[in-house]
Amino acid sequence: MTLRKTLRLVRIYTTLSFRSQLQYKTSFFLLTLGTLLATGLEFAAVYALFSRFGSLHGWKLPQTALLYGCISVSFAIAEAAARGFDTFSRQIKSGSFDRILLRPLPPAFQIACSEIQLMRFGRFLQGLAVLGWAEWKLHLSGTALMMPLWMVTGGIALFYGVFVLQATLVFYTIETPEIVNIFTYGGVETAQYPLSIYPFWLRSIFTFLIPLASVSLIPARALLGTGSASLLSQAAPAAGYLFLIASLHIWKIGIAHYTSTGS
Amino acid sequence: MSALIEVENLTKTYTISERREGTWGALQGLIQRQTRKAPALRGVSFSLQPGEMVGYIGPNGAGKSTTIKILSGILVPDSGTCQALGCTPWRDRRRYVQQIGVVFGQRTQLWWDLPVRESFSLLREIYQIDDHAFRSAMQELQSLLQLEALLNTPVRQLSLGQRMRCDLAASLLHSPKLLFLDEPTIGLDAVSKLVVREFIRTLNRQRGVTVILTTHDMDDIEALCSRVIVIAEGKILLDGPLQQLRSAAGTERRLLIEMEKPGETPADEEARLVSCEGNRICLAFDPERTPAAALIARIAKKYAFRDLLVQEPSIEEVIARLYGTYPE
């Protein structure tokens, strides 16, 4: 598939996905408002805690807000874009995955394009507001703004990879096991705060198994001057991309399993 | 002419994991899965020439959908070979599916919330159909399937018959040479069935599209297929002209009569009484020995009845008889 053709298809799929969701306009606005309020309250709680206790393991509110904002924005985008993978068990059960296999495009591409969920817009807006506030408070400007952006894109790739793995499990289990939520929603909740506050084992999971630290804590420290600013620390968000690539390879093993067992 | 599809000795066995009962059973299942082998295909072979239209029939669970899935590249068989349109479907899947069309009567391939037209234009992109080809395909399909009025309607608002017409068109936009139809008339009203059948016939006769049709509807087979392949328990039971199926299974038909008065039982030398419930009588007869019209005329002369109906044996019945297990 050429790049031009790919981009054209993405554009058309996205337009159609938006159009079919906007058939239910009221629902869209209410849900956006709802998530905006819910996640807004969540940050208000963080704010309250910090104004009472001052700092957390040496992390002040604006610094924590930087992590929080980056992770929220990443997750909101990944969740909206990976909706097809998130609801993959539905596609397996209804047989619509068979239809995907009947079309001359890579299955992962079709699933990725099948739904771009607008409902996640509320979380995105909230995350963006928190991130903007943090950048302003920390006086980040010029090239320093590149790092949060780099963290966000790495985070998107990482969370996307988690959704791909979650979908891959469905080839073996049909239902999405609830335990996966530990890594999606649990991952967001965890990485919105400095990972250094958690016990060693939890930190290890989110550093080595699912490299959340490399899209949040490590590059943030490098940026804020509170930790190693080596080239490796600055390049750390690339781990998110490597994670996504690995996930897509595992996904292919899942497809091979599906086509040989027929679930 | 060389074969369009050449299937040899396909086998497929599913492994089904069984759930044990109760909470304790579920916990046991986590540690040790209990599995059971379910053979779906046990050596299926056949070949199809270009332009053929074949009815692929058999009872539920006989292996029909497994065959269709393998032939369309969705499923990999345990053993056996298949060459179709110069490809091995499951190996050259993307190149192969570009040349085939598949319609599942039970589920739509159209985008539920979008007008039909939008689905079509997305398919056009997916299959990379060029402008000219797309326009001429649309024109032809529109007039054959009477789609004009439907194109701007969201799919979820279509009736089943309308949806099936659109689904057929959707599977044919890229002008496939080979078309799989999995129960295309299931649940349709009589008029829609006729439209669909007429369309399939035109497609096969005029465009030379090779068609493999699975169905439970004997009328579909009679209207469309000159050749039938009967599959049961994963094996091909019969492969030949429709006539062969009929004669292999016997030709008996049923005559259902609703009598004017209950308790009266019409008798005829050429017919056998199958059942009698109140004023509803069921007779069996062999149309080769006595035509339905003659039998009805004889009965009408002697008895008063309100209504009557001549019934073909269902596919299940025919196949079961073929098997020699039909309970009389």
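If you're wondering where the values come from, they're calculated on a predicted model, not measured in any experiment.

Reading the values: rules and limits
Residues numbered from 1 in each chain as written. Chains lettered and ligands numbered in written order. Predicted model: local features only at pLDDT ≥ 70, side-chain atom pairs only at ≥ 80, totals over all residues. Heavy atoms only, no water. Helix = DSSP H or I, 4+ residues; strand = E, 2+ residues; numbered from the N terminus. Buried < 20%, exposed > 50% of the residue type's maximum accessible area, 1.4 Å probe, protein only. Contact = heavy atoms within 4.5 Å. Areas by Shrake-Rupley, 256 points an atom, 1.4 Å probe, with all protein chains shown as cover. Lys, Arg positive; Asp, Glu negative; His and termini not counted. Charge placed at Lys NZ, Arg CZ, Asp CG, Glu CD. Pairing = 2+ DSSP bridges. Axes fitted to C-alpha atoms, helices over the stretch in contact; angles between N-to-C directions. Phe/Tyr/Trp six-rings, centres within 6.5 Å; stacked < 30°, edge-to-face > 60°. pLDDT = per-residue confidence, 0-100. Parallel < 35°, antiparallel > 145°, perpendicular 65-115°, else oblique. Nonpolar A, V, L, I, M, F, W, Y, C, P; charged D, E, K, R; others polar.

Undergrad: What should I look at first to understand the overall build of chain B in this one?
TA: Check the secondary structure of chain B and you find 11 helices and 13 strands. Across its three principal directions, the C-alpha atoms of chain B cover 65 × 55 × 50 Å. Out of the 328 residues belonging to chain B, those deemed buried represent 49%. Restricting the contact set of chain B to residue pairs at least 6 apart, pairs at least 24 apart contribute 69%. Surface exposure of chain B reaches about 15700 Å², of which carbon and sulfur atoms provide 48%. Charge separation in chain B, taken as the distance between the mean sites of 40 positive and 40 negative side-chain charges, equals 5 Å.

Undergrad: What exactly am I supposed to notice about the sheet that holds strand β12 (residues 280-285) of chain B here?
TA: Sheet strands associate in pairs through backbone hydrogen bonding, adopting either a parallel or an antiparallel arrangement. Residues and elements named next belong to chain B. With antiparallel pairing, the 4 strands of this open sheet are ordered in space as β11-β12-β10-β13. Each end of this open sheet is capped by a strand with a single partner; those strands are β11 (271-277) and β13 (305-311). For this sheet the average axis-to-axis angle between neighbouring strands, irrespective of direction, equals 20°. Looking at chain direction, strand β10 (residues 253-259) and β13 are connected through 6 bridges and run antiparallel.

Undergrad: Please explain the sheet that holds strand β1 (residues 5-18) of chain B as it appears in this structure.
TA: Residue and element names in this part refer to chain B. Strands sit in the order β2-β1-β4 across an open sheet of 3 strands; the sheet is antiparallel. Edge positions in the sheet fall to β2 (34-48) and β4 (79-84), since each has one partner strand and no second. Averaged over all neighbouring strand pairs, the angle between strand axes comes to 30°, with direction disregarded. Inspection of the sheet shows β1 paired to β4 by 5 bridges, in the antiparallel sense. Across the sheet, residue Glu8 finds its bridge partner in β4, namely Thr81. Along the sheet, helix α2 (residues 64-71) contacts β1, β2 and β4; its crossing angle with β1, the most-contacted strand, is approximately 120°.

Undergrad: How should the packing of aromatic side chains be read in this particular structure?
TA: Residues and elements named next belong to chain A. Tallied over the full model, the rule gives 19 aromatic pairs over all chains. Between Phe171 and Trp251, the ring centres sit 5.1 Å apart and the planes meet at 45°, which makes this aromatic pair tilted. Taken together, the residues Phe171 in helix α9 (residues 146-173) and Trp251 in helix α14 (residues 238-261) connect sequence positions 80 residues apart. The same class applies to Phe171 as to Trp251, namely buried. Among the aromatic residues, those joined into a ring-pair cluster are Phe85, Phe88, Phe97, Tyr160, Phe171, Trp251 and Tyr258.

Undergrad: Would you mind showing me how to read the confidence of the model for chain B here?
TA: Interpretation of this model should avoid reading the predicted coordinates in detail wherever pLDDT is low. Summary statistics for chain B give a mean pLDDT of 88 and a share of 93% for residues scoring 70 or more. Here the predicted complex carries an ipTM of 0.81, next to a pTM of 0.84.

Undergrad: Would you mind showing me how to read the packing of α9 of chain A against helix α12 (residues 217-224) of chain A here?
TA: To characterise two packed helices, one gives the angle between the axes of the helices and the distance between these axes. Residue and element names in this part refer to chain A. Running from N to C, α9 and α12 point in directions that differ by 180°, and their axes come no closer than 10 Å. As judged from the angle between their axes, α9 and α12 are roughly antiparallel. On α12, the residues touching Met147, Pro148 and Met151 of α9 are Pro219, Ala220 and Leu223. Looking at the contact of α9 with α12, its residues break down into 6 nonpolar, no polar and no charged.

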